[in-house]
Amino acid sequence: MPTLPRLSLSPLKVLLLDLDGVLLDTRPVMERAWQQVLQEHGLDVPFEEYERHLGRPFADIMERLGFSEPEPLRRTYDDASITASHLAREFDGITEVLHGFAAAGWRLGIVTSKPLDRAAPLLTGLGCPFSTVRTPNGGGRGKPAPDPVLLALIDLGVDPAEAVYVGDMPVDEEAAGRAGVPYIHAGWGYGRPTVPSAVVADSPKDLLRLLAPGPFIEGSLL
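Calculation notes
Residues numbered from 1 in each chain as written. Predicted model: local features only at pLDDT ≥ 70, side-chain atom pairs only at ≥ 80, totals over all residues. Heavy atoms only, no water. Axes fitted to C-alpha atoms, helices over the stretch in contact; angles between N-to-C directions. Helix = DSSP H or I, 4+ residues; strand = E, 2+ residues; numbered from the N terminus. Parallel < 35°, antiparallel > 145°, perpendicular 65-115°, else oblique. Contact = heavy atoms within 4.5 Å. Nonpolar A, V, L, I, M, F, W, Y, C, P; charged D, E, K, R; others polar. Pairing = 2+ DSSP bridges. Polar contact = N/O pair within 3.5 Å; in protein donor to acceptor, adjacent residues only side chain to side chain.

A. Main features of the packing of helix H5 (residues 94–103) against helix H9 (residues 204–211). Relative to each other, H5 and H9 sit at 25°, their axes nearing to 7 Å. Here H5 is positioned roughly parallel relative to H9, judged by the angle of their axes. Facing Ile94, Val97 and Phe101 of H5, the residues of H9 in contact are Pro204, Lys205, Leu207, Leu208 and Leu211. For the contact of H5 with H9, the class distribution of residues is seven nonpolar, no polar and one charged.

B. Focus on the sheet that holds strand E5 (residues 130–134). Taking strand neighbours across the sheet as the criterion, the six strands line up as E5-E4-E1-E6-E7-E8 in an open arrangement whose pairing is parallel. Of all strands in the sheet, those with a lone pairing partner are E5 and strand E8 (200–201), marking the two edges. In terms of strand pairing, strand E1 (residues 14–17) meets strand E6 (residues 163–167) through four bridges, oriented parallel. Paired with Val14 across the bridge in E6 is Ala163.

C. Main features of the side chain of Glu51. Following the sequence through the fold, Glu51 ends up in helix H2 (residues 47–51). Only 2.6 Å separates the side chain of Glu51 from the side chain of Arg27, close enough to count as a polar contact. With residues near it in sequence (within four places) discarded, Glu51 still touches Arg27 and Met169.

Structure (C-alpha coordinates):
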(Lines give C-alpha, C1' and ligand atoms only; values in the text may rest on other atoms or scores of the structure.)
Protein backbone atom coordinates (compact mmCIF):
# COMPACT_ATOMS: atom_id res chain seq x y z
CA MET A 1 0.00 0.00 0.00
CA PRO A 2 1.42 3.43 -0.84
CA THR A 3 2.29 5.51 2.20
CA LEU A 4 1.24 9.09 2.63
CA PRO A 5 4.21 11.46 2.89
CA ARG A 6 4.55 13.19 6.22
CA LEU A 7 2.69 16.46 5.93
CA SER A 8 3.39 19.75 7.66
CA LEU A 9 0.01 19.91 9.33
CA SER A 10 1.02 21.51 12.64
CA PRO A 11 -0.44 23.49 14.28
CA LEU A 12 -3.48 23.34 11.98
CA LYS A 13 -4.73 19.89 11.02
CA VAL A 14 -7.80 19.38 8.84
CA LEU A 15 -9.46 16.17 7.70
CA LEU A 16 -11.98 16.73 4.89
CA LEU A 17 -14.27 13.85 3.94
CA ASP A 18 -16.89 12.95 1.40
CA LEU A 19 -20.18 11.65 2.84
CA ASP A 20 -21.66 8.93 0.60
CA GLY A 21 -19.39 5.90 0.44
CA VAL A 22 -16.99 7.31 3.05
CA LEU A 23 -18.97 8.06 6.19
CA LEU A 24 -22.21 6.30 5.37
CA ASP A 25 -23.34 3.47 3.14
CA THR A 26 -26.19 5.27 1.38
CA ARG A 27 -26.37 3.05 -1.69
CA PRO A 28 -29.71 1.50 -0.58
CA VAL A 29 -31.13 5.01 -0.17
CA MET A 30 -29.93 6.12 -3.59
CA GLU A 31 -31.16 2.97 -5.29
CA ARG A 32 -34.61 3.29 -3.70
CA ALA A 33 -34.81 6.97 -4.71
CA TRP A 34 -33.71 6.26 -8.28
CA GLN A 35 -36.30 3.53 -8.64
CA GLN A 36 -38.93 6.07 -7.57
CA VAL A 37 -37.68 8.48 -10.26
CA LEU A 38 -37.97 5.77 -12.91
CA GLN A 39 -41.45 4.81 -11.77
CA GLU A 40 -42.90 8.31 -11.52
CA HIS A 41 -41.38 9.65 -14.73
CA GLY A 42 -41.61 6.56 -16.93
CA LEU A 43 -37.90 6.19 -17.48
CA ASP A 44 -35.75 3.13 -18.09
CA VAL A 45 -32.21 3.81 -16.90
CA PRO A 46 -30.67 1.14 -14.64
CA PHE A 47 -29.37 2.30 -11.28
CA GLU A 48 -25.93 1.09 -12.34
CA GLU A 49 -25.85 3.85 -14.96
CA TYR A 50 -26.71 6.45 -12.34
CA GLU A 51 -24.19 4.96 -9.92
CA ARG A 52 -21.31 5.37 -12.38
CA HIS A 53 -21.50 9.14 -11.87
CA LEU A 54 -21.77 9.25 -8.09
CA GLY A 55 -20.00 12.18 -6.51
CA ARG A 56 -21.25 14.74 -9.02
CA PRO A 57 -24.17 17.09 -8.35
CA PHE A 58 -27.53 15.61 -9.36
CA ALA A 59 -28.06 18.03 -12.28
CA ASP A 60 -24.65 17.09 -13.66
CA ILE A 61 -25.51 13.40 -13.48
CA MET A 62 -28.81 14.00 -15.25
CA GLU A 63 -27.03 15.87 -18.05
CA ARG A 64 -24.64 12.97 -18.48
CA LEU A 65 -27.60 10.59 -18.65
CA GLY A 66 -29.16 12.71 -21.38
CA PHE A 67 -31.99 14.41 -19.44
CA SER A 68 -32.38 18.07 -20.41
CA GLU A 69 -34.98 18.96 -17.73
CA PRO A 70 -33.59 17.60 -14.43
CA GLU A 71 -35.62 19.66 -11.95
CA PRO A 72 -38.74 17.41 -11.79
CA LEU A 73 -36.47 14.40 -11.47
CA ARG A 74 -34.50 16.08 -8.69
CA ARG A 75 -37.64 16.84 -6.69
CA THR A 76 -38.76 13.23 -6.90
CA TYR A 77 -35.29 11.97 -6.03
CA ASP A 78 -34.95 14.31 -3.05
CA ASP A 79 -38.36 13.40 -1.62
CA ALA A 80 -37.72 9.69 -2.05
CA SER A 81 -34.23 10.00 -0.51
CA ILE A 82 -35.64 11.65 2.59
CA THR A 83 -38.29 8.94 2.91
CA ALA A 84 -35.67 6.19 2.56
CA SER A 85 -32.97 7.86 4.70
CA HIS A 86 -33.47 5.23 7.43
CA LEU A 87 -31.72 2.74 5.13
CA ALA A 88 -28.38 4.56 5.46
CA ARG A 89 -25.80 2.86 7.67
CA GLU A 90 -22.51 4.03 9.16
CA PHE A 91 -19.43 2.24 7.93
CA ASP A 92 -17.89 0.14 10.67
CA GLY A 93 -15.58 2.18 12.88
CA ILE A 94 -16.04 5.52 11.13
CA THR A 95 -17.53 7.37 14.11
CA GLU A 96 -14.79 6.18 16.45
CA VAL A 97 -12.15 7.22 13.94
CA LEU A 98 -13.64 10.70 13.53
CA HIS A 99 -13.77 11.18 17.29
CA GLY A 100 -10.17 9.99 17.47
CA PHE A 101 -9.04 12.69 15.06
CA ALA A 102 -11.10 15.31 16.87
CA ALA A 103 -9.58 14.28 20.21
CA ALA A 104 -6.11 14.66 18.70
CA GLY A 105 -6.87 18.27 17.74
CA TRP A 106 -7.81 17.82 14.10
CA ARG A 107 -10.70 19.78 12.63
CA LEU A 108 -13.19 17.84 10.53
CA GLY A 109 -14.96 19.04 7.42
CA ILE A 110 -17.39 17.59 4.90
CA VAL A 111 -17.28 18.14 1.13
CA THR A 112 -20.23 16.39 -0.52
CA SER A 113 -22.46 16.69 -3.57
CA LYS A 114 -25.50 15.81 -1.45
CA PRO A 115 -27.80 18.82 -0.88
CA LEU A 116 -27.65 20.32 2.59
CA ASP A 117 -31.22 19.40 3.54
CA ARG A 118 -30.41 15.73 2.99
CA ALA A 119 -26.84 15.81 4.27
CA ALA A 120 -27.46 17.62 7.55
CA PRO A 121 -29.68 14.99 9.24
CA LEU A 122 -27.26 12.22 8.30
CA LEU A 123 -24.28 14.14 9.66
CA THR A 124 -26.14 15.05 12.84
CA GLY A 125 -26.75 11.36 13.42
CA LEU A 126 -23.00 10.74 13.53
CA GLY A 127 -22.61 13.08 16.50
CA CYS A 128 -19.22 14.39 15.36
CA PRO A 129 -17.94 17.98 15.55
CA PHE A 130 -17.75 19.08 11.90
CA SER A 131 -16.21 22.53 11.54
CA THR A 132 -17.46 23.06 7.98
CA VAL A 133 -19.94 21.36 5.66
CA ARG A 134 -19.72 22.20 1.97
CA THR A 135 -22.59 21.14 -0.31
CA PRO A 136 -23.91 22.34 -3.69
CA ASN A 137 -26.04 24.82 -1.75
CA GLY A 138 -22.92 26.83 -0.91
CA GLY A 139 -22.25 28.05 -4.44
CA GLY A 140 -19.38 27.41 -6.81
CA ARG A 141 -19.04 24.51 -9.20
CA GLY A 142 -19.56 20.97 -8.00
CA LYS A 143 -16.99 18.18 -7.98
CA PRO A 144 -14.80 17.37 -9.87
CA ALA A 145 -14.15 21.13 -9.85
CA PRO A 146 -11.99 22.16 -6.88
CA ASP A 147 -14.45 24.81 -5.70
CA PRO A 148 -16.09 22.99 -2.75
CA VAL A 149 -12.74 21.77 -1.44
CA LEU A 150 -11.22 25.25 -1.69
CA LEU A 151 -14.29 26.82 -0.07
CA ALA A 152 -13.96 24.40 2.85
CA LEU A 153 -10.33 25.48 3.25
CA ILE A 154 -11.40 29.11 3.20
CA ASP A 155 -13.98 28.37 5.89
CA LEU A 156 -11.24 26.95 8.09
CA GLY A 157 -8.54 29.45 7.17
CA VAL A 158 -5.97 26.86 6.10
CA ASP A 159 -3.78 26.22 3.07
CA PRO A 160 -4.21 23.15 0.84
CA ALA A 161 -1.03 21.60 2.28
CA GLU A 162 -2.57 21.69 5.75
CA ALA A 163 -5.48 19.41 4.89
CA VAL A 164 -6.25 15.93 3.56
CA TYR A 165 -9.35 14.91 1.59
CA VAL A 166 -10.83 11.41 1.84
CA GLY A 167 -13.15 10.32 -0.97
CA ASP A 168 -14.20 7.20 -2.83
CA MET A 169 -14.94 8.25 -6.41
CA PRO A 170 -12.80 9.57 -9.31
CA VAL A 171 -14.46 12.99 -8.99
CA ASP A 172 -13.21 13.20 -5.39
CA GLU A 173 -9.69 12.39 -6.47
CA GLU A 174 -9.83 14.98 -9.27
CA ALA A 175 -11.31 17.69 -7.05
CA ALA A 176 -8.61 17.20 -4.45
CA GLY A 177 -5.88 17.23 -7.08
CA ARG A 178 -7.17 20.40 -8.70
CA ALA A 179 -7.37 22.03 -5.25
CA GLY A 180 -3.81 20.99 -4.40
CA VAL A 181 -4.96 18.92 -1.41
CA PRO A 182 -3.45 15.49 -0.65
CA TYR A 183 -5.97 12.73 -1.32
CA ILE A 184 -6.67 9.39 0.37
CA HIS A 185 -8.97 6.92 -1.35
CA ALA A 186 -11.54 5.19 0.86
CA GLY A 187 -11.16 1.57 -0.20
CA TRP A 188 -14.39 0.63 1.57
CA GLY A 189 -16.42 2.98 -0.65
CA TYR A 190 -18.07 2.67 -4.06
CA GLY A 191 -15.33 3.52 -6.56
CA ARG A 192 -11.71 2.79 -7.34
CA PRO A 193 -8.73 5.15 -7.54
CA THR A 194 -7.70 6.19 -11.03
CA VAL A 195 -3.94 5.86 -10.59
CA PRO A 196 -1.89 2.91 -9.28
CA SER A 197 0.07 5.22 -6.98
CA ALA A 198 -3.01 6.41 -5.09
CA VAL A 199 -2.90 6.24 -1.31
CA VAL A 200 -5.65 3.82 -0.27
CA ALA A 201 -7.10 3.25 3.18
CA ASP A 202 -8.66 -0.21 3.30
CA SER A 203 -10.85 0.65 6.28
CA PRO A 204 -11.71 3.74 8.32
CA LYS A 205 -9.20 2.67 10.96
CA ASP A 206 -6.47 2.71 8.31
CA LEU A 207 -6.83 6.50 8.28
CA LEU A 208 -5.40 6.53 11.78
CA ARG A 209 -2.43 4.45 10.72
CA LEU A 210 -1.79 6.51 7.58
CA LEU A 211 -2.03 9.90 9.24
CA ALA A 212 -0.92 8.96 12.77
CA PRO A 213 -2.83 11.75 14.47
CA GLY A 214 -1.96 10.52 18.03
CA PRO A 215 -1.20 10.54 20.80
CA PHE A 216 -3.82 8.01 21.85
CA ILE A 217 -4.37 6.52 25.26
CA GLU A 218 -3.98 2.82 25.97
CA GLY A 219 -6.81 0.82 24.47
CA SER A 220 -7.39 3.30 21.68
CA LEU A 221 -8.06 2.42 18.04
CA LEU A 222 -4.34 2.29 17.28
